[in-house]
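What follows is each chain in one-letter form.
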Amino acid sequence: KITNWPLLKQSSTMTKALMNQKTLVFGKNPSHISVQQSTQEIPKLTNKRSVLVKVHAVGLNPVDAKLVVGDKIPSTWKRTRSLFHSLAVHNTPIGFDFAGTVQQSFCSDYKPGDEVYGSVPPLYGTLREYVVAPIHQISHKPSSLSWSEAAAMPLVGLTALQALKPHASDTILVLGASSGTGHIALQVAQRLGFSTRIAVCSKRNLEWVRQHCRPTHIIDYTTEDVVASVQSILSTGGKQLDVVFDCVTSEDPRDMTANYPAMFVDQCQERYIRLGGQLGDWVRAGFERSGRLTCFGKEKLFWIRFPHSSG
Ligand SMILES: NC(=O)c1ccc[n+]([C@@H]2O[C@H](COP(=O)([O-])OP(=O)(O)OC[C@H]3O[C@@H](n4cnc5c(N)ncnc54)[C@H](OP(=O)(O)O)[C@@H]3O)[C@@H](O)[C@H]2O)c1
């Protein structure tokens, strides 16, 4: 059954042009992000577990750029990175997050015309006119959000919510508070009841974070000694540091220079949650997630889980 789907209305006169869509794909060069326009067939909806969506806005995340270099592969394995790029990345549509209008659906939760937002699986891409999105990775778009606000939300919002919810406690330190994940994490932390929320960001983002993310304390890492400032806040309030949410540390040597785990893993009482690491960290985190092994102690390398996917 196809309703509210004028562009794709099936008819004997349907031309090939109507079945195609413009898509942005990763270019050939693995050493920098190159993008090219491509024409691909509009995907077909074949089951109740997905809906066809016309895309209105797309959110980009660091992971889109990291795919180009193959960030999970050590930087010294140049040939493996290059092989990964040519086999998996080159010509692949870009993007995870999107917001748009349902065009076709066989499931009762969504009907044509519904406004939705969500994420698609890796290497499927959202920088295209239409996506087929799994229903367990989308939701109805709140009317208070614009298209672009909704498209910016899925990966960073889910990351903050899923990572912090099991560890709701009293005091949290958010490293990289102005980042996509960090600025949502501060707001999620307030909702989860953290009464002391310490934000760390650069001078240029200080006022923005203060106004929009409601931290109880804020530290400018470009001019202050972060460890001393955190200790002073904790001792003044008679608090301990329960949770650290580190949005900075990753496999990239530029992010490693901040050296945050060395500063705060020992101080943190419950969980030091970080969002990035090197190949070995991801392998250990995979074992941890499978429930077979605990390798990080208080540290936890987190990544998003979709309830019905195996990842
Ligand atoms: N594992 C997962 O499931 C998952 C999910 C989402 C994201 N991630 C990863 O998490 C990281 C953050 O992603 P994002 O989308 O939130 O990044 P983003 O929006 O690109 O923000 C990065 C921010 O980090 C801040 N920063 C850089 N150095 C800093 C330092 N030394 N101290 C404090 N802040 C610093 C910068 O802000 P200032 O100008 O204020 O310094 C910058 O805006 C990325 O590595 C991403 O790949 C992982």
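Per-chain numbering applies: the sequence of each chain, read as written, is numbered from 1 onward. A pLDDT threshold of at least 70 governs which residues receive local features in this predicted model, and a stricter bar of 80 or more applies before side-chain atom pairs are shown or counted, although totals over entire chains, interfaces and linings include all residues. Hydrogen atoms and water are omitted, and side-chain values are computed over all heavy atoms in the structure.

The name given to the chain in an unreviewed UniProt entry is Enoyl reductase (ER) domain-containing protein, with the source organism recorded as Cyclophora tenuis.

Enquirer: I would appreciate a short explanation of the sheet that holds strand 11 (residues 243-246) in the present structure.
Expert: Strand pairing in a sheet relies on backbone hydrogen bonds. The paired strands run either parallel or antiparallel. Note on pairing: DSSP must find at least two bridges between two strands before they are called paired. The helix count covers DSSP runs of H or I at least four residues long, the strand count covers runs of E at least two residues long, and both are numbered beginning at the N terminus. Taken together, six strands build an open sheet; the order of strands is 10-9-8-11-12-13 and the sheet is parallel. The sheet is open, and its two borders are formed by strand 10 (217-220) and strand 13 (299-301), each paired with just one other strand. For this sheet, the mean inter-axis angle between neighbouring strands, taken without regard to orientation, is 15°. As paired strands, strand 12 (residues 271-274) and strand 13 are joined by three bridges and run parallel to one another. Bridge pairing links Ile273 to Lys300 in strand 13. Between N-to-C directions, angles cover 0 to 180 degrees, with each direction set by a line fitted to C-alpha atoms, over the stretch in contact for helices.

Enquirer: Which parts of the structure should I look at to understand the site of the ligand?
Expert: A single heavy atom is enough: if one lies within 4 Å of a molecule or strand, its residue is considered near that molecule or strand. Inspection of the region around the ligand gives 24 residues, with Ser178, Thr181, Tyr221, Tyr260 and Phe302 positioned closest. Polar contacts, as used here, are pairs of N or O atoms within 3.5 Å; protein pairs need one atom able to donate a hydrogen and one able to accept it. Residues neighboring in sequence count only if both atoms are side-chain atoms. Note that an oxygen atom of the ligand is positioned 2.8 Å from one of the backbone N or O atoms of Gly180. Here Tyr260 contributes a side-chain N or O atom positioned 2.6 Å from a nitrogen atom of the ligand. The fraction of the free accessible surface of the ligand (940 Å²) that becomes covered by protein chains is 78%. Residue polarity is assigned by list, with Asp, Glu, Lys and Arg as charged and Ala, Val, Leu, Ile, Met, Phe, Trp, Tyr, Cys and Pro as nonpolar; anything else, Gly included, falls into the polar class. Each residue belonging to the shell around the ligand can be placed in one class, and the counts come to 13 nonpolar, nine polar and two charged. Each accessible area is a Shrake-Rupley estimate made with a 1.4 Å probe; only the visible protein chains count as cover when residues are assessed.

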